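Structural overview for review
Spelled out, the chains give:
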Amino acid sequence: MIARIGPLAARWTTAVPAIAVVLLALTWGRDLPGWLVVVVTLVLAGSVLAAVHHAEVVAHRVGEPFGSLVLAVAVTVIEVALIVTLMIDGGDKSATLARDTVFAAVMITVNGILGLSLLVGSLRHGTAVFNSEGTGAALATVATLATLSLVLPTFTTSKPGPEFSTVQLTFAAVSSLILYALFVATQTVRHRDYFLPVAKQGEATAPDEHAPAPSTRTALISLGLLGLALVGVVGLAKGVSPTIESGVEGAGLPHSVVGVIIALLVLLPETIAAVRAARRDQVQTSMNLALGSAMASIGLTIPAVALASLWLTGPLVLGLGSTHMVLLALTMVVGALTVVPGRATPLQGGVHLVLLAAYLELAVNP
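Since we're looking at a predicted model, the values are computed, not measured.

Regarding empty space enclosed by the protein
Under the defined criterion, the tally for this structure stands at two cavities of 30 Å³ or more. The space that makes up the largest cavity amounts to roughly 60 Å³. Taken together, Arg 99, Asp 100, Phe 103, Ser 256, Val 260, Leu 320, His 324, Tyr 359 and Ala 363 make up the lining of the largest cavity. Counting only elements with at least two residues in the lining of the largest cavity, the list comes to helix 4 (97-125), helix 8 (256-266) and helix 12 (346-364). Within the lining of the largest cavity, the residues separate by chemical class into five nonpolar, two polar and two charged. Its volume calculated, the second largest cavity comes out at about 40 Å³. What lines the second largest cavity is Gly 134, Thr 135, Ala 138, Phe 183, Gln 187, Phe 195, Gln 284, Met 287, Asn 288, Leu 291 and Gly 292. Elements with a contribution of two residues or more to the lining of the second largest cavity: helix 5 (132-151), helix 6 (166-190) and helix 10 (283-308). If you tally residues by element for the lining of the second largest cavity, the top one is helix 10, at five residues. In the lining of the second largest cavity, the residues fall into five nonpolar, six polar and no charged.

Here is the structure:
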């Protein structure tokens, strides 16, 4: 599935990340006219595809689950930088941006990426097979992180409104980092076999064993280009965010839709990579991408915004409303029922996609 890389300068996957970074430098902090917004959007889309390509090269070199971890962490680190930057620029209007973006990331990954992967894998191969031990551990960690960071602030009383006090926010941030670090250690060291793709009979398989692994030099070049592509994706997304915000306001939609759109943009590389893995009957890789991205989004974003709150003057609203808490609870219950058997049919994929559709519909029409 991964093409041999010839002269890198001749390949569009090398040129597009460089073009994206140059365009980002030229447009950063400026108001973009309509024609330039179109150009930026096209380059952003190319950067997404380039990021997926280079992530697959790196993943093929280091193997699972390290490959999924590289893409999930890389995307999330830059997503966190985008959120903090927008919070600094947005004032009080951005008080809920971190909450909206993180919750959107959880719903998109756990329902959208996971559901689409199950649907594609089961339709193409009859049944989507994955390791219930590893996937269940990942889902349990996501549920814990989401509850501690996004649900508890709604019910705490130390500070008025759905906000944490300083001590509570510090506890949530430290807990998020500890849980995420513990999960990464489990995934990559102690129980790595729980996160490897499995065959129909249940044994672990070696992904892409029919294709020669790229050289270390090629993988390192792709790792650097992956970073450039992701910087381009998130930076250009910030560049078009004023257009997105004005469009959202012009359409009379809630401001929280901005967080949804940002999450959709930055998670696009992982979505494409997960669907490609599902088509190759490596649904476990898709699960690693989906749940790993949700976990990284919470586990890295909450500590980052907690740190940023030291110099940000506005409020930091993290608590979800009742409607979103119901959707989160239903998502985790359905996710647990999906994960327990270790295999899924198109029905399970369809159920998760319907939950995502319900979330998007309620985001537009609360």
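Moving on, there is more to tell.
Some thoughts on the packing of helix 4 against helix 8
Between helix 4 and helix 8, the shortest axis-to-axis distance is 8 Å and the interhelical angle comes to 50 degrees. With respect to helix 8, the element helix 4 is oriented oblique. In this structure, helix 4 crosses over helix 8, and the sense of that crossing is right-handed. Seen from helix 4, the contacting residues are Leu 97, Asp 100, Thr 101, Ala 104, Ala 105 and Ile 108; seen from helix 8, they are Ser 256, Gly 259, Val 260, Ile 262, Ala 263 and Leu 264. Residue classes in the contact of helix 4 with helix 8 are distributed as eight nonpolar, three polar and one charged.

Section: the environment of Val 39
Tracing the sequence through the fold places Val 39 in helix 2 (residues 34-62). The spacing of Val 39 and Leu 23 is 16 residues in sequence and 9.4 Å in space, taken between C-alpha atoms.

Let's talk about the pattern of salt bridges
All chains considered together, the criterion is met by two salt bridges. We note a salt bridge from Asp 100 to Arg 99, for which the minimum N-O separation is 3.1 Å. By relative accessible area, which is 9% here, Asp 100 ends up buried. Arg 99 sits in the buried class, given a relative accessible area of 16%.

Some words on the environment of Phe 130
Inspection of the secondary structure puts Phe 130 in the loop between strand 1 (128-129) and helix 5. Discounting residues that sit within four places of it in the chain, Phe 130 has contacts with Leu 118, Thr 135, Val 198, Val 283, Gln 284, Met 287, Thr 338, Val 339, Gly 342, Arg 343 and Ala 344.

Some words on the packing of aromatic side chains
Under the criterion given, the structure shown has two aromatic pairs. Ring geometry for Phe 103 and Tyr 359: centres 5.4 Å apart, planes at 85 degrees, overall edge-to-face. One end of the pair, Phe 103, is in helix 4; the other, Tyr 359, is in helix 12, and 256 residues separate them in sequence. Residues Phe 103 and Tyr 359 agree in their burial class; the two are buried. An angle of 85 degrees between the planes, with centres 5.5 Å apart, marks the rings of Phe 183 and Phe 195 as edge-to-face. Remark: Phe 195 occurs in the loop between helix 6 and helix 7 (216-250) and Phe 183 occurs in helix 6; sequence separation between them is twelve residues. Classification of Phe 183 by relative accessible area gives buried; the value is 8%. According to the relative accessible area criterion, Phe 195 is buried, its value standing at 1%.

Section: the nonpolar core
As a rule of thumb, soluble globular proteins bury nonpolar side chains together. Among the nonpolar cores identified, the biggest contains 89 residues, and Met 87, Leu 118, Leu 236, Leu 328 and Tyr 359 are the most heavily contacted of them. Here the element with the most residues in this core is helix 10; it accounts for 14 residues. Among all residues touching Leu 236, those that are not within four sequence positions of it are Ala 20, Leu 23, Leu 24, Thr 27, Val 40, Val 43, Leu 44 and Val 231.

Side note on the packing of helix 1 (residues 12-27) against helix 2
Running from N to C, helix 1 and helix 2 cross one another at 140 degrees; their axes reach a closest spacing of 9 Å. Between helix 1 and helix 2, the crossing angle belongs to the class labelled oblique. Handedness of the crossing formed by helix 1 with helix 2: left-handed. Here Trp 12, Thr 13, Thr 14, Val 16, Pro 17, Ile 19, Ala 20, Leu 23 and Thr 27 of helix 1 come into contact with helix 2, specifically with Leu 36, Val 39, Val 40, Val 43, Gly 46, Ser 47, Leu 49, Ala 50, His 53 and His 54. In terms of residue class, the contact of helix 1 with helix 2 is built from twelve nonpolar, seven polar and no charged.

Conventions used here
- Residues numbered from 1 in each chain as written.
- Predicted model: local features only at pLDDT ≥ 70, side-chain atom pairs only at ≥ 80, totals over all residues.
- Heavy atoms only, no water.
- 1 Å grid on protein atoms, 1.4 Å probe; cavity = no way out; pocket = protein on both sides within 12 Å on 5 of 7 lines; lining within 4 Å.
- Points joined across faces, edges and corners; volume = space filled by probe spheres on them.
- Helix = DSSP H or I, 4+ residues; strand = E, 2+ residues; numbered from the N terminus.
- Nonpolar A, V, L, I, M, F, W, Y, C, P; charged D, E, K, R; others polar.
- Axes fitted to C-alpha atoms, helices over the stretch in contact; angles between N-to-C directions.
- Parallel < 35°, antiparallel > 145°, perpendicular 65-115°, else oblique.
- Left-handed = near helix turned anticlockwise from the far one by under 90°.
- Contact = heavy atoms within 4.5 Å.
- Salt bridge = Lys/Arg side-chain N within 4 Å of Asp/Glu carboxyl O.
- Buried < 20%, exposed > 50% of the residue type's maximum accessible area, 1.4 Å probe, protein only.
- Phe/Tyr/Trp six-rings, centres within 6.5 Å; stacked < 30°, edge-to-face > 60°.
- Core = buried A, V, L, I, M, F, W, Y, C linked by side-chain atoms within 4.5 Å.

Interpretation note: all reported values are geometric properties and have no functional meaning in isolation.
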